[in-house]
Amino acid sequence: MPAFFLTPVGTIATAFSLYNAIQQIRKRQSWSWVFWPLATIFAIVLLAAIGFIALLIYHLTFRR
């Protein structure tokens, strides 16, 4: 169970990584195409982590 408490930390780190990838895409350099797959992966991971946290809170509060 203690590993589940690291999920919010990972979510915050993923949000910062997504923000950095979007900033790199906005610079419009010749190699900025590399950050599109990274931004997509970070967004999917971020949504999954938020969903997991919401599901965990739901099960911990309403399933007693």
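Residues numbered from 1 in each chain as written. Predicted model: local features only at pLDDT ≥ 70, side-chain atom pairs only at ≥ 80, totals over all residues. Heavy atoms only, no water.

### A short note on the packing of helix H1 (residues 7–26) against helix H2 (residues 35–62)
For step 1, the next point in the chain: Closest axis-to-axis distance for the H1/H2 pair is 9 Å, and the angle between their directions is 155°. In terms of axis orientation, H1 runs roughly antiparallel to H2. In this structure, H1 meets H2 at a crossing whose hand is left-handed. Of the residues in H2, those in contact with Thr7, Pro8, Thr11, Thr14, Ala15, Ser17, Leu18, Ala21, Gln24 and Ile25 of H1 are Phe35, Trp36, Ala39, Phe42, Ala43, Val45, Leu46, Ala49, Ile50, Phe52 and Ile53.
For step 2, the next point in the chain: Split into classes, the residues belonging to the contact of H1 with H2 amount to 16 nonpolar, five polar and no charged. (Axes fitted to C-alpha atoms, helices over the stretch in contact; angles between N-to-C directions. Helix = DSSP H or I, 4+ residues; strand = E, 2+ residues; numbered from the N terminus. Parallel < 35°, antiparallel > 145°, perpendicular 65-115°, else oblique. Left-handed = near helix turned anticlockwise from the far one by under 90°. Contact = heavy atoms within 4.5 Å. Nonpolar A, V, L, I, M, F, W, Y, C, P; charged D, E, K, R; others polar.)

### Some remarks on the packing of aromatic side chains
For step 1, the next point in the chain: Within the structure shown, the criterion is met by one aromatic pair.
For step 2, the next point in the chain: Plain terms: the ring middles of Tyr58 and Phe62 are 5.6 Å apart, the flat faces sit at 45° to each other, and that makes the pair tilted. Taken together, the residues span about one helical turn, with Tyr58 and Phe62 both in helix H2 at a distance of four residues.
For step 3, the next point in the chain: The exposure class of Tyr58 is partly exposed, given its relative accessible area of 37%.
For step 4, the next point in the chain: Given the relative accessible area of 63%, Phe62 is considered exposed. (Phe/Tyr/Trp six-rings, centres within 6.5 Å; stacked < 30°, edge-to-face > 60°. Buried < 20%, exposed > 50% of the residue type's maximum accessible area, 1.4 Å probe, protein only.)

### A few points about a nonpolar patch on the surface
For step 1, the next point in the chain: The grouping of Trp31, Trp33, Val34, Trp36 and Leu38 at the surface amounts to a nonpolar patch, some 570 Å² of accessible area in total.
For step 2, the next point in the chain: Along the chain, Trp36 turns up in helix H2. (Patch = residues over 30% accessible without salt bridge, like charges linked within 9 Å, V, L, I, M, F, W, Y side chains within 5 Å. Areas by Shrake-Rupley, 256 points an atom, 1.4 Å probe, with all protein chains shown as cover. Salt bridge = Lys/Arg side-chain N within 4 Å of Asp/Glu carboxyl O.)

### Some details on H2
For step 1, the next point in the chain: Its 28 residues place the ends of H2 40 Å apart at the C-alpha level, agreeing with the 40 Å of an ideal helix rising 1.5 Å per residue.
For step 2, the next point in the chain: Those residues of H2 that sit buried are Phe35, Ala39, Leu46 and Ala49.
For step 3, the next point in the chain: Considering only its buried residues, H2 is in contact with H1. (Expected span 1.5 Å × (residues − 1).)

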